Amino acid sequence: HAALAGVGVDRDAQEAAAAGVLALGDREVRPRECELEAGQGVAPDSPFRMLSTDEIRAMAESGLVEFGGHSVSHAILSQLTGSSLRQEIEHCIAELTNMTGGVIEQFAYPNGRASDFDHRCLDVLQERGISIALTAMAGSNPRASSSLTLHRDAVGPFDTRDRFKSRVENMLAVDHHLAGGVA
């Protein structure tokens, strides 16, 4: 966080946003998302505000942050027609490329459940040069995993350093075992 302070990232705002989301719960967060979707926006000093194009560009230029796609409207991609699915992915990547001035190589599926994306998504992502796509499914990724359907293990505000270390060590042990090593 401190390294990003020079590019306009406010640590207090980040912590307030995280605390605000945790305190509100799903019942209160969803109406705020609906306000954003309806174009009502949020106050400039709100912990729920989105980054500006200038902030995104500065963060990308810092070399400390990489941005990846997530779709234009957070649509569930598997439920879209072919042309709508393509538009969600391609316009998102084009806009991020425009904002960052760089190549976009990562993507995270909206909602990220197995039913939220399908082979058509993978095809479009490959065509657009995406090399890594993340699901929201927890778990490790054996060596044979597709780089376009990676699982992830969330790290939250209540994870201690020891818990995080233990989780990483466990993942490394599983990976070593799957690679044919001795556990």
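Our subject is the structure that appears above.
These lines cover the structure that appears in this document, whether it is placed above or below. (Residues numbered from 1 in each chain as written. Predicted model: local features only at pLDDT ≥ 70, side-chain atom pairs only at ≥ 80, totals over all residues. Heavy atoms only, no water.)

1. A look at the nonpolar core
Generally speaking, soluble globular proteins have nonpolar side chains that are buried together. Core analysis: the largest hydrophobic core is formed by 22 residues, its most contacted members being L77, I89, F107, Y109, C121, L125 and I130. Leave out the neighbours within four places in its chain, and F107 touches G69, H70, S71, L77, I89, L125, I130, I132, A133 and L134. (Core = buried A, V, L, I, M, F, W, Y, C linked by side-chain atoms within 4.5 Å. Buried < 20%, exposed > 50% of the residue type's maximum accessible area, 1.4 Å probe, protein only. Contact = heavy atoms within 4.5 Å.)

2. Side note on the pattern of salt bridges
Here the structure, examined in full by the defined rule, presents eight salt bridges. Where R57 meets D54, a salt bridge forms, and the shortest distance between an N and an O atom there is 3.9 Å. Here D54 and R57 lie together in helix α2 (residues 53-62), a separation of three residues that amounts to about one turn. Take R57: its relative accessible area is 29%, and that puts it in the partly exposed class. (Salt bridge = Lys/Arg side-chain N within 4 Å of Asp/Glu carboxyl O. Helix = DSSP H or I, 4+ residues; strand = E, 2+ residues; numbered from the N terminus.)

3. A look at α2
A turn of α-helix holds 3.6 residues, and therefore any two residues three or four places apart point the same way. Of all the positions in α2, only E55, I56 and M59 are classed as buried. Down the axis of α2, the buried set is contained in an arc of 100°. They therefore lie on one face. The exposed set on the far side of α2, more than 90 degrees from its buried face, consists of D54 and E61. Considering only its buried residues, α2 is in contact with α3 (82-100). Phi turns positive, to about 80°, at G63, one or two residues after α2. (Arc of directions from axis to C-beta.)

4. Describing the environment of F164
For F164, the position within the fold is in helix α5 (residues 161-178). For the pair F164 and A154, spaced ten residues apart in sequence, the C-alpha to C-alpha distance is 10.0 Å.

5. Here we look at the packing of aromatic side chains
The final tally for this structure, using the stated rule, is two aromatic pairs. Centroid distance F107 to Y109: 5.6 Å. Interplanar angle 70°. Geometry classified as edge-to-face. Judged by relative accessible area, which is 2%, F107 ranks as buried. When the ring of Y109 is compared with that of F117, the centres are 4.0 Å apart and the planes differ by 15°; the resulting orientation is stacked. What makes Y109 buried here is its relative accessible area of 1%. An aromatic cluster of three or more residues is present, and its members are F107, Y109 and F117. (Phe/Tyr/Trp six-rings, centres within 6.5 Å; stacked < 30°, edge-to-face > 60°.)

6. Considering the environment of G101
Secondary-structure assignment places G101 in the loop between α3 and β1 (106-108). When the C-alpha atoms of G101 and R57 are compared, they prove to be 7.4 Å apart, with 44 residues separating the residues in sequence.

7. Description of the side chain of S71
As for its placement among the helices and strands, S71 is situated in the loop between α2 and α3. For S71, the side chain forms a polar contact with the main-chain nitrogen of H74, separated by 2.9 Å. When residues no more than four places from it in sequence are discounted, the contact partners of S71 are L77, E88, C92, F107 and P110. (Polar contact = N/O pair within 3.5 Å; in protein donor to acceptor, adjacent residues only side chain to side chain.)

8. Side note on the packing of α2 against α3
Interhelical geometry of α2 versus α3 gives an angle of 75° and a closest axis separation of 8 Å. Comparing their axes, α3 and α2 come out roughly perpendicular. Contacts from T53, I56, R57 and A60 in α2 reach N98, M99 and T100 in α3. A class-by-class count of the residues in the contact of α2 with α3 yields three nonpolar, three polar and one charged. (Axes fitted to C-alpha atoms, helices over the stretch in contact; angles between N-to-C directions. Parallel < 35°, antiparallel > 145°, perpendicular 65-115°, else oblique. Nonpolar A, V, L, I, M, F, W, Y, C, P; charged D, E, K, R; others polar.)

9. Overview of unusual backbone geometry
As a rule of thumb, non-glycine residues mostly have phi less than zero, and peptide bonds are mostly trans rather than cis. Unlike most non-glycine residues, H74 shows phi in positive territory, near 65°. By the element assignment, H74 lies in the loop between α2 and α3. Of the residues examined, H74 reaches a relative accessible area of 37% and is grouped as partly exposed. In this model, N111 sits at a positive phi of 65°, which is unusual for a non-glycine residue. Inspection of the secondary structure assignment puts N111 in the loop between β1 and α4 (119-127).

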